[in-house]
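Structure at a glance
One letter stands for each residue in the lines below.
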Amino acid sequence: MKFALRFLGFLFATGSVLFLVGVAGVGALLWHFSRDLPDYSQLQNYEPPVMTRVHAVDGSLLAEYATQRRLYIPIQAVPKSVIHAFLAAEDKNFYEHGGLDFMGITRAAVLYLQNWGNNRRPQGASTITQQVTKNFLLSNEVSFDRKIKEALLSLRIERAYSKDRILELYLNEIYLGIGAYGIAAASLLYFDKSVHELTLPETAYLAALPKAPANLNPFRQRERAIERRNWVLDRMIENGWAEPAEAEAAKRAPLTVTTRPTGAHMFAAEYFAEEVRREVYDRYGEKKLYEGGLSVRTTLDPKLQVLARKVLVDGLVDFDEKKGYRGPVSSLDLAGDWGVKLADVRALSDIAPWRLAVVLESGDHTARVGLQPGREPGGAVVRERQVGIVPLDGVKWAKSAPGAKRTIKAVRKVGDVLEPGDVVYVEPMTKDATQYRLRQVPEVSGGIVAMDPWTGRVLAMVGGFSFDQSQFNRATQALRQPGSSFKPFVYATALDNGYNPSSIIMDAPLEIDTGPGGGGMWAPQNYEGKFFGPSTLRFGIERSRNVMTVRLAQDVGMPLIAEYAKRFGVYDDLPPYLSFSLGAGETTLLRMVAGYSIFDNGGKKVTPTLIDRIQDRYGRTIYRHDERECPSCSAEKWENQPEPALIDRRPQVLDPMTAYQITSIMEGVVLRGTAPILREVGKPVAGKTGTTNEWKDAWFVGFSPELAVGVYIGYDKPRSLGRGAGATGGRLAAPIVKEFMKGALADKPAVPFRVPAGIKLIRVDPRTGLRAGPGHDGRVILEAFKPGTAPPDTYSVVGYSDQDGGRPGVVSPDADRAVRSGTGGLY
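What counts, and where the lines are drawn
- Residues numbered from 1 in each chain as written.
- Predicted model: local features only at pLDDT ≥ 70, side-chain atom pairs only at ≥ 80, totals over all residues.
- Heavy atoms only, no water.
- Disulfide = S-S within 2.5 Å.
- Phe/Tyr/Trp six-rings, centres within 6.5 Å; stacked < 30°, edge-to-face > 60°.
- Helix = DSSP H or I, 4+ residues; strand = E, 2+ residues; numbered from the N terminus.
- Buried < 20%, exposed > 50% of the residue type's maximum accessible area, 1.4 Å probe, protein only.
- Contact = heavy atoms within 4.5 Å.
- pLDDT = per-residue confidence, 0-100.
- Salt bridge = Lys/Arg side-chain N within 4 Å of Asp/Glu carboxyl O.

As a further point, take the state of the cysteines. Summed over all chains, the structure comprises one disulfide. What pairs with Cys 630 in a disulfide is Cys 633, and their sulfur atoms sit 1.6 Å apart. Taking the sign of the S-S torsion, about 75° here, the bridge from Cys 630 to Cys 633 comes out right-handed.

This is the structure in structure tokens:
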């Protein structure tokens with residue numbers, strides 16, 4: 001008996017010693033691993049990389065930019081069905097354990113011993129808390145050290161944070177494949193839905209992804225993905241989170257995925273979106289752009305943007321087709337499956353409804369073409385083959401262009417243009433898309449900008465034919481000579497410094513000594529080689545007289561014109577040479593439209609912008625374009641106080657009366673001058689054409705009382721657009737502006753331009769600029785005069801003296817308007 005007691009005592013003592021040693025060992029182990037544990041308190045201020053979203057003025061999504069495509073969603077906004085699906089798949093006891101699932105740990109340990117030595121990755125037993133610990137604070141290293149640290153941190157996190165906070169971190173951090181981080185982004189990227197719109201099978205599929213998103217790709221591993229989704233549905237049934245009948249129906253549902261594009265999400269807005277991206281990048285840097293979760297509200301009007309792209313593309317294509325057909329994009333051997341071969345030919349992705357096609361057969365009256373097949377999301381070519389017919393009317397335009405390999409002087413048969421194997425672009429001619437018209441990508445390019453002239457908000461902008469073809473934005477990046485479209489700034493300078501619309505300027509041959517090193521004598525010429533003698537300042541703009549403009553610039557002084565050009569934002573430092581009064585300096589289309597907007601709004605400074613407002617991830621406004629002040633707008637309630645008034649502190653660039661005078665003169669460009677096609681708009685429109693030397697660029701910039709629009713057309717490597725009237729701004733650019741303004745102003749009332757206080761409207765003879773008396777039997781216009789000025793009684797001619805063959809400074813109203821010969825110039 002004593003022996004037994006002694007033995008039991010020995011066992012107890014030994015056990016106690018071993019227990020104490022074990023406790024000490026565990027304590028030492030915990031102390032060892034606790035020494036360099038990461039600080040979990042950083043989870044309190046968790047700011048994950050969140051994608052920046054860009055919206056149009058109507059709230060529609062324009063673009064998204066991110067390194068990790070994530071949208072942060074608070075746990076209160078996550079539907080219960082989504083929470084249940086993820087708990088069923090990942091941690092059904094999440095709301096019951098304290099951070100560690102000991103049953104799961106035991107199960108993983110048993111499997112680890114069973115698989116000892118076969119090099120299989122150990123099965124984890126991680127709870128959601130442990131996954132949060134690993135994702136935020138540790139690495140993916142497979143080791144006991146990492147698992148011990150993970151367990152210790154998980155216990156501490158459970159004590160520091162609520163279960164909902166831990167789950168919120170998890171649901172926003174997990175990677176779910178195809179670049180999606182968090183459930184909100186995954187819902188959009190996989191199904192193009194918000195989390196509140198997800199169906200049960202869609203929710204279950206997303207919940208299946210955390211384990212191995214790459215192995216459950218819905219395109220490459222569809223069967224495996226469906227199997228895992230259905231496993232999640234079974235777990236939801238087991239836990240009472242889904243009705244059996246509903247879950248069984250969900251298991252039979254196909255896995256239908258609708259992926260969202262990256263970059264621009266709105267057709268025709270690629271140039272605009274890229275310009276916004278560059279501006280945000282320049283303003284806040286790369287990290288803020290791609291990870292800052294900014295909300296950018298742009299000025300883009302989607303309807304006007306689609307219209308702008310259509311009219312620009314139509315104008316470019318129309319001009320290009322008149323130059324002739326240059327030949328097919330490429331050629332294919334039609335042996336075998338033509339669809340697979342055609343699918344490998346790169347097609348521009350942003351020129352719908354154009355499609356790439358290959359000519360299968362070609363005859364006298366028609367050609368049969370096969371349309372480029374699409375690809376499955378996994379990359380396989382779609383099996384279905386679509387064919388269409390190109391009739392003779394669809395190729396009538398395609399006489400050969402200069403330098404083309406095939407010579408076609410007149411198209412009499414489809415076979416003259418199209419041969420089997422030719423790869424070409426085609427566009428549907430009929431609604432049922434059975435007949436197609438031959439198309440070709442134009443060589444010429446250009447840009448269009450539409451702006452609110454009162455605020456500088458860019459409503460629409462297109463920087464070329466195809467962003468996929470060239471990302472160079474010709475509206476903001478192309479430096480081109482504006483030609484005669486710069487003349488209004490010269491004339492506005494004169495009007496602001498003592499001239500009036502009836503001031504007389506001599507339109508007669510002029511030679512200027514350019515001085516040493518300047519190349520000798522310079523003799524500016526009018527476009528059509530004619531001279532009209534003494535002419536009004538209004539006439540000089542309406543008929544785009546080059547020599548008159550040079551004489552006026554000579555009298556006003558180029559340094560003053562350069563100063564005004566800088567005020568208008570057209571040039572930063574215009575050289576003080578007379579040739580620059582004819583638009584020889586380079587500027588951008590956006591700057592020109594902004595400059596014309598100042599004429600339109602009564603002379604207030606305009607800063608063009610594509611962005612209305614930027615908010616950070618917390619909804620705080622960090623940028624606002626509208627800088628007008630409203631001190632009384634913050635009143636808490638109405639107490640019969642005066643209506644709040646906005647204070648506009650923008651500088652006055654031009655006298656409002658001068659702005660109206662030049663606007664009235666540019667209305668004459670449309671009514672009587674070089675842009676009569678704009679009369680078809682049916683609303684008040686003012687503007688100016690521009691054509692540079694050798695017809696390299698064609699411009700028109702114009703405006704209505706509420707909309708400013710500019711277009712330029714030219715080759716990226718400047719060369720002549722042609723010769724004669726067909727290559728001028730009035731023939732190439734003005735029709736594009738006309739089509740845009742007709743569409744943009746279709747539902748707007750015809751409102752005249754605002755006449756500022758103080759302006760006197762006096763009847764004058766537009767030919768002579770003299771006052772039209774009661775018995776005047778000729779054409780009469782209402783001319784705008786400032787206080788203290790009036791139509792002249794006699795001519796006082798700028799640039800006319802004895803050297804020009806007349807009396808100094810004074811010419812009678814019957815002065816000879818002789819037509820003199822000369823060479824072409826700017827128009």
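Moving on: the packing of aromatic side chains. Applying the stated criterion across every chain yields a total of 21 aromatic pairs. Both rings, one in Trp 354 and one in Tyr 425, keep their centres 6.2 Å apart while their planes meet at 45°; by these two values the pair is tilted. Here Tyr 425 lies in strand β11 (residues 422-428) and Trp 354 lies in the loop between α14 (338-343) and β8 (355-362), a separation of 71 residues in the sequence. As far as burial versus exposure is concerned, Trp 354 and Tyr 425 are alike and both buried. Between Phe 532 and Phe 539 the ring centres are 5.5 Å apart and the planes differ by 70°, which places this aromatic pair in the edge-to-face class. Its relative accessible area of 17% is what places Phe 532 among the buried residues. On the accessibility criterion, Phe 539 (13% relative accessible area) is buried.

Let us look at unusual backbone geometry. In this chain, Ala 352 is followed by Pro 353 through a cis amide linkage whose omega measures 10°. Along the chain, Pro 353 turns up in the loop between α14 and β8. Non-glycine residue Ser 544 carries a positive phi angle of around 50°. Within the element layout of this structure, Ser 544 appears in the loop between α16 (537-542) and α17 (546-556). Its identity as a non-glycine residue notwithstanding, Glu 694 has a phi of 65°, on the positive side. By the secondary structure assignment, Glu 694 is in the loop between β21 (686-691) and β22 (697-704). Judged by its relative accessible area of 52%, Glu 694 falls in the exposed class.

Mapped onto the fold, Ala 247 is located in helix α10 (residues 244-252). For the pair Ala 247 and Ala 204, spaced 43 residues apart in the sequence, the C-alpha separation amounts to 9.7 Å. Each residue touching Ala 247, except ones within four places of it in the same chain, is listed here: Leu 200, Leu 233, Ile 237 and Ala 242.

To continue, consider the confidence of the model for the chain. Overall, the predicted model of the chain reaches an average pLDDT of 87, with 85% of residues at or above 70. Ignoring residues within four places in sequence, the model shows residues 29-33, a span with pLDDT below 50, making five contacts including any to other chains.

A word on the pattern of salt bridges. Applying the stated criterion to the full structure yields 47 salt bridges. Two residues, Glu 173 and Arg 70, come together in a salt bridge whose shortest N-O distance is 3.3 Å. Here the residue Glu 173 occupies a position in helix α6 (residues 163-173), and Arg 70 occupies one in strand β3 (residues 69-70), the gap between them amounting to 103 residues. A relative accessible area of 17% places Glu 173 in the buried class. The salt bridge involving Glu 528 is made with Arg 545; its shortest N-O contact spans 2.6 Å. On the criterion of sequence distance, the pair formed by Glu 528 in the loop between β17 (521-522) and β18 (533-536) and Arg 545 in the loop between α16 and α17 is long-range, its members being 17 residues apart. The exposure class of Arg 545 is buried, given its relative accessible area of 1%.

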